[in-house]
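Coordinate inspection notes
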Amino acid sequence: SPPPSSPFPHSVLPMPPSPQDVDVTVLLTGGHQYHLVLSPDAPLLVQLFEVMLDQTGQAAEQLLQLPLDRGRSMLCFRGDRLVGLVTDPPIVIQPQVMQPQGEQPPVIQPQAPVEVLPSEFVQLDQFLTAAEHQQLLEYVLDRESEFVSTTTSTGAANYRKSVVLHYFPEFTALITDRIQTVLPNVLSKLNLPPFEASQIEAQLTGHNDGNYYKIHNDNGSPETATRELTYVYYFHQEPKAYSGGELIIYDSQIENNYYVQAKSYHTVEPRNNSIVFFLSRYMHEVLPVRCPSRAFADSRFTINGWVRR
């Protein structure tokens, strides 16, 4: 809790007190966000909440510093750039209100309901021909040894678990050309104006038993800001040997002129030989996969990537 002289009339309480680390997503003006993993009693975590709760204006010029890339670099910004914090597990903010004796408490006006903006997505079945699908599957199984563990741009631990093949030229052109063909129809279904894609990125991933990807979006940094659409092409062996691995796309709401995650969401099933498109700014996650055999061949495979404006 802040000392008695603190200008911030709140106390920040981890819930419940424990050695468990806290996943913190720092939301900044301009749509940028950065991920940190902090201990519940970390001074930086308290400082971030104190800046958020400042009602005096004293924190606007305060310098905040976030360690990035596992401490190899540092992001510095003023306190008035901070617009929100997302914590997992939740952090409880406990107001410290002191009423002078005999004074009536202020009347609290009910807040207007927050408008939820539904997220839109398009899922197309039979995206590749049966022959192309089989060739892709055989190609992947022949290159099991070339897959490497995935990482995140922030270097956060325990945020993403899967394997990836970054270089697969034999099928990159096939996927990107097919996406270019269906893009006008996809944009129309998403009620988006047509635009020319400057680049279509692609990576090939595999999710096996216990693999997942926690909540994130795909264009929250300066390097990814031109990503307009995210796509995920699903493929696997038949009969399907895993369960789970659903894609969760969260609806949005606007707070302080910034898109944030709403509580409502849509569930996308990883249907074999289908592809899903959605806006890269949407918050989304991949639920844990259950694969009893743990065999690589039984994985949930995807070619996923981004269409840049």
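Here's a quick rundown of the structure. (Residues numbered from 1 in each chain as written. Predicted model: local features only at pLDDT ≥ 70, side-chain atom pairs only at ≥ 80, totals over all residues. Heavy atoms only, no water.)

Before going further, it helps to spend a moment on the sheet that holds strand 3 (residues 32-38). Spatial strand order, 3-2-6: 3 strands in an open sheet with antiparallel pairing. Both outer strands of the open sheet, strand 3 and strand 6 (82-88), are each paired with one neighbouring strand and no more. Between one strand axis and the next, the sheet turns by 20° as a mean value, whatever way the strands run. Pairing geometry for strand 2 (residues 22-28) and strand 3, over 7 bridges, is antiparallel. Across the sheet, the residue bridging to Asp-23 is Val-37, located in strand 3. Running at roughly 135° to strand 6, helix 1 (residues 43-53) makes contact with strand 2, strand 3 and strand 6 of the sheet. (Pairing = 2+ DSSP bridges. Helix = DSSP H or I, 4+ residues; strand = E, 2+ residues; numbered from the N terminus. Axes fitted to C-alpha atoms, helices over the stretch in contact; angles between N-to-C directions. Contact = heavy atoms within 4.5 Å.)

We now examine the environment of Ala-262. With respect to the element layout, Ala-262 can be found in strand 19 (residues 258-268). For the pair Ala-262 and Met-283, spaced 21 residues apart in the sequence, the C-alpha separation amounts to 9.0 Å. If we ignore the near neighbours within four places in the chain, the residues touching Ala-262 are Val-116, Tyr-250, Asp-251, Ser-252 and Gln-253.

What follows is about the packing of helix 2 (residues 130-142) against helix 3 (residues 169-189). Contact geometry for helix 2 and helix 3: axes closest at 11 Å, N-to-C directions at 145°. In the packing of helix 2 onto helix 3, the handedness of the crossing is left-handed. Together, Glu-132, Gln-135, Leu-136 and Tyr-139 of helix 2 and Pro-169, Glu-170, Phe-171, Leu-174 and Arg-178 of helix 3 make up the contact between the two elements. In terms of residue class, the contact of helix 2 with helix 3 is built from 5 nonpolar, 1 polar and 3 charged. (Left-handed = near helix turned anticlockwise from the far one by under 90°. Nonpolar A, V, L, I, M, F, W, Y, C, P; charged D, E, K, R; others polar.)

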